[in-house]
Amino acid sequence: MKLTNRSTPIQNKQKTFSEKLYIPILKGMLITISHLFRRKVTIKYPEQTRQFSPIYRGLHVLKRDENGAERCTACGLCAVACPAEAIVMDAEERRPGEEGEYREEKYAKRYEINMLRCIFCGLCEEACPKEAIFLTDRILPAATKRSDFVYGKDRLVETRNNRVDIATRKTYGKE
Ligand code: SF4
Ligand code: SF4
């Protein structure tokens, strides 16, 4: 039964002389072979990495001050500014003797960023009044479990002896 008029009848067209000699196939193979000698557009990642844009925004860092104390005071402004609702935190009061660990009377006992929600917009960095959170030029590592993308303080706060250099990343209005 014919439902539409869009069908095309098959024609047993005779092969041309060049088609009989497989010239069109040879032309295609020549194009393929010519690509072997062109400059490669791929790189051997992770051994090689491309140079990122100076304004690339990657993995976050929670900074310490010059004395090694955590800058974050758990004010929550970054979480309010975050359009993806990726940041959660619990505030805690600093106890006597913890002055070297936390810069102000309040600190974030729990601070988590869900990297699967994050869109790396940088608004948390803009909102922070304590210069505590920055996006860096580091790449977010791959993982196979969703829970591995929830970054807590153990992975966000920089270590005292291995500070994260944020000067290499240009930020608008902060140059
Ligand atoms: S970079 Fe943007 S989306 Fe990601 S945590 Fe910060 S404010 Fe939220
Ligand atoms: S990172 Fe900055 S904005 Fe966010 S809670 Fe800490 S001090 Fe406040």
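As a reminder, the structure under discussion sits directly above these lines.
Every value quoted in this text rests on a predicted model; they were computed, and no experiment measured them.

## Description of the site of ligand 2
- Around ligand 2 there are 14 residues in total, and Cys72, Cys75, Gly76, Cys78 and Cys128 lie nearest to it.
- Of the residues that constitute the shell around ligand 2, the class distribution is eleven nonpolar, two polar and one charged.

## Considering the site of ligand 1
- The immediate surroundings of ligand 1 are formed by 13 residues, with Cys82, Cys118, Cys121, Gly122 and Cys124 found nearest.
- Tallied by class, the residues present in the shell around ligand 1 amount to eleven nonpolar, two polar and no charged.

## Comments concerning the packing of aromatic side chains
- In total, this model carries two aromatic pairs according to the counting rule given.
- Arranged with centres 4.4 Å apart and planes meeting at 45°, the rings of Phe52 and Tyr56 form a pair that is tilted.
- We classify Phe52 as partly exposed; its relative accessible area is 34%.
- Owing to a relative accessible area of 27%, Tyr56 belongs among the partly exposed residues under this scheme.
- Each ring, one from Tyr102 and one from Tyr107, has its centre 3.6 Å from the other, and the planes form 5°; the classification is stacked.
- Classification of Tyr107 as buried rests on a relative accessible area of 5%.
- Sitting over the face of the ring of Tyr151, Arg155 holds its NZ or CZ atom 3.7 Å from the ring centroid.

What counts as what
Residues numbered from 1 in each chain as written. Chains lettered and ligands numbered in written order. Predicted model: local features only at pLDDT ≥ 70, side-chain atom pairs only at ≥ 80, totals over all residues. Heavy atoms only, no water. Near = heavy atom within 4 Å. Nonpolar A, V, L, I, M, F, W, Y, C, P; charged D, E, K, R; others polar. Phe/Tyr/Trp six-rings, centres within 6.5 Å; stacked < 30°, edge-to-face > 60°. Buried < 20%, exposed > 50% of the residue type's maximum accessible area, 1.4 Å probe, protein only. Lys NZ or Arg CZ within 6 Å of the ring centre and 35° of its normal.

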